Amino acid sequence: MTEKTIFYSESDNPEMIKAFHKAQETFRYFWRELSWEYRRIVPALDLACVKIAFMQNVAHQTTPAVEHMWINEVEFDGDMISGVLINDPTELTNIKNGDFVEVPLSQVSDWLFSSQGDTYGGFTIQQLRSTMGEAERKEHDEAWGLNFGDYHNIQLVYGQKEHPEHLIDHPMSINMKDSLIKFLKEHPDEITNQNEAGYTLLHRETISGNRSSVEILLQLGADKAIKTSNGKTALDFAKQVGWEHLVPLLQ
């Protein structure tokens, strides 16, 4: 992933900084779910947003001012995360609500999606909830209108406890195997087509961590050696995004 030093606010305690890092380490699950949401005819997510650490150098201050704010309309190309700011900055003047932003993963401080009222991710939110009393937590959750569940047990994917295999492959990736095979046999050019940035379908399915889809593409002749305009193969993305289970398939 693109490397960039990230500065945290002096008010960020060690537990909150751990939450930031956990969000970065697991961001791939957010993107996998959102990439499927963009393909659904009937939306399944009530909410999908990413919290970013925005910074600005301030006169007479040795470290940048930092504000953690949410973006939506999120996109991810394996290198950079983009979206639209949905908060009003309190202190920063170099960005405003509604601005399009593009940042590396190192500036992510949280991610959250919800479906049918249940939440996934929300590491900084759960850290804050862990410091609240029961009544305050209830009031907090009602204000969000979401079920944040047990702050000790943050869910990454739907049905994680009953179906831990969902951490390896998204259910839709498995369920859509026959449809994908049929589509690719009818439209074989889709296997080799590259978009304006040089991404193939293999690149995109790898970034989204869809094991079944990657296997099918390889079986049907997808070229693992094709590079994007930035010189990245699907294997490069599997490694840097953190989809370790795809690395052996792409080597």
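No experiment lies behind these values; they were computed from the predicted model shown. Residue positions are given per chain, counted from 1 along the sequence in the order it is written. Selection of residues for local features in this predicted model requires a pLDDT of at least 70, selection of side-chain atom pairs for listing and counting requires 80 or more, and totals for whole chains, interfaces and linings are taken over all residues. Here the side-chain values reflect all heavy atoms present in the structure, with hydrogen atoms and water set aside.

A separate point is unusual backbone geometry. The residue Glu-73 is not glycine, and still its phi comes out positive at about 50 degrees. Secondary structure is summarised from DSSP: a helix means a run of H or I of at least four residues, a strand means a run of E of at least two, and numbering begins at the N terminus for each. In this structure, Glu-73 sits in strand E2 (residues 65–76). Classification of Glu-73 by relative accessible area gives exposed; the value is 57%. Its identity as a non-glycine residue notwithstanding, Gln-116 has a phi of 55 degrees, on the positive side. By the element assignment, Gln-116 lies in the loop between strand E5 (108–115) and strand E6 (118–121). Exposure classes here rest on a 1.4 Å probe applied to the protein chains alone. A residue is buried below 20% of its type maximum, exposed above 50%, and partly exposed in between.

Nine residue types can take part in a nonpolar core, namely buried Ala, Val, Leu, Ile, Met, Phe, Trp, Tyr and Cys, and a core is a set of them joined through side-chain atoms within 4.5 Å. Judged by nonpolar contacts, the single largest core of 53 residues is most densely connected at Phe-27, Phe-30, Val-50, Phe-54, Ile-71, Ile-81 and Trp-111. Considering each element in turn, this core owes the most residues, 9 residues, to helix H1 (residues 14–37). Two residues qualify as a contact provided that any one of their heavy atoms is within 4.5 Å of a heavy atom in the partner residue. Excluding residues within four positions of it along the chain, Phe-54 makes contact with Ala-65, Val-66, Glu-67, Met-69, Ile-71, Leu-85, Leu-92, Ile-95 and Val-101. Listed in part, the 6 residues of the second largest apolar core include Trp-70, Leu-112, Leu-146 and Phe-148.

A few words now on the packing of aromatic side chains. Note on aromatic contacts: the rings of Phe and Tyr and the six-membered ring of Trp form a pair at centre separations within 6.5 Å, being stacked when their planes are under 30 degrees apart, edge-to-face when over 60 apart, and tilted otherwise. This model, assessed by the stated rule, comprises 12 aromatic pairs. Look at Phe-30 and Phe-113: their rings are 6.5 Å apart centre to centre, the planes differ by 50 degrees, and that puts the pair in the tilted class. Here Phe-113 lies in strand E5 and Phe-30 lies in helix H1, a separation of 83 residues in the sequence. Joined through ring pairs, the aromatic side chains of Phe-27, Phe-30, Trp-31, Tyr-38, Phe-76, Trp-111, Phe-113, Tyr-120 and Phe-123 make up one cluster. Looking at Arg-28, its charged tip hangs above the ring of Trp-243, at a distance of 5.5 Å from the centre. Lysine and arginine charges are scored as sitting over a ring when NZ or CZ, respectively, is within 6 Å of the ring centre and within 35 degrees of the ring normal. Positioned over the ring face of Trp-36 is Arg-39, at 4.0 Å from the centre of the ring.

Our focus in this paragraph is the layout of surface pockets. Taken as a whole, the largest pocket holds about 590 Å³ of empty space. Taken together, 22 residues make up the lining of the largest pocket; nearest its centre are Ser-35, Arg-39, Leu-201, Arg-204 and Glu-205. Elements with a contribution of two residues or more to the lining of the largest pocket: H1, E2, helix H4 (171–175), helix H5 (177–186) and helix H7 (201–207). When residues in the lining of the largest pocket are grouped by element, the largest group, 4 residues, is from H7. A cavity, in this analysis, means grid points on a 1 Å lattice covering only the protein atoms where a 1.4 Å probe fits yet has no way out; a pocket is instead an open set bounded by protein on both sides within 12 Å along at least five of seven lines, and a residue lines either one if it has an atom within 4 Å of a point. Grid points are joined across faces, edges and corners, and a volume is the space filled by probe spheres set on the points.

Turning our attention to the confidence of the model for the chain. When pLDDT drops low, the exact placement of atoms in the prediction is not to be read closely. The pLDDT averaged across the chain works out to 93; a share of 95% of its residues lies at or above 70. Every residue in residues 1–10 is under pLDDT 50, and counting partners more than four places away or in other chains gives 28 contacts. As a per-residue quantity, pLDDT reports the predictor's confidence and falls between 0 and 100.

We now examine the packing of H5 against helix H8 (residues 211–219). Axes here mean lines fitted to C-alpha atoms, for a helix over just the part in contact, with angles spanning 0 to 180 degrees between N-to-C directions. Where H5 contacts H8, the axes come no closer than 10 Å and their chain directions differ by 30 degrees. Considered as vectors, H5 and H8 are oriented roughly parallel to each other. By crossing handedness, the relation of H5 to H8 is classed as right-handed. Of the residues in H8, those touching H5 at Lys-177, Leu-180, Ile-181 and Leu-184 are Ser-212, Ser-213, Ile-216 and Leu-217. Amino acids are sorted into nonpolar (Ala, Val, Leu, Ile, Met, Phe, Trp, Tyr, Cys and Pro), charged (Asp, Glu, Lys and Arg) and polar (every other residue, Gly among them). Grouping the constituent residues of the contact of H5 with H8 by class yields 5 nonpolar, 2 polar and 1 charged. The labels follow the angle: roughly parallel below 35 degrees, roughly antiparallel above 145, roughly perpendicular from 65 to 115, and oblique for the rest. Left-handed describes a crossing whose near helix is turned anticlockwise from the far helix through less than a right angle; right-handed describes the clockwise counterpart.

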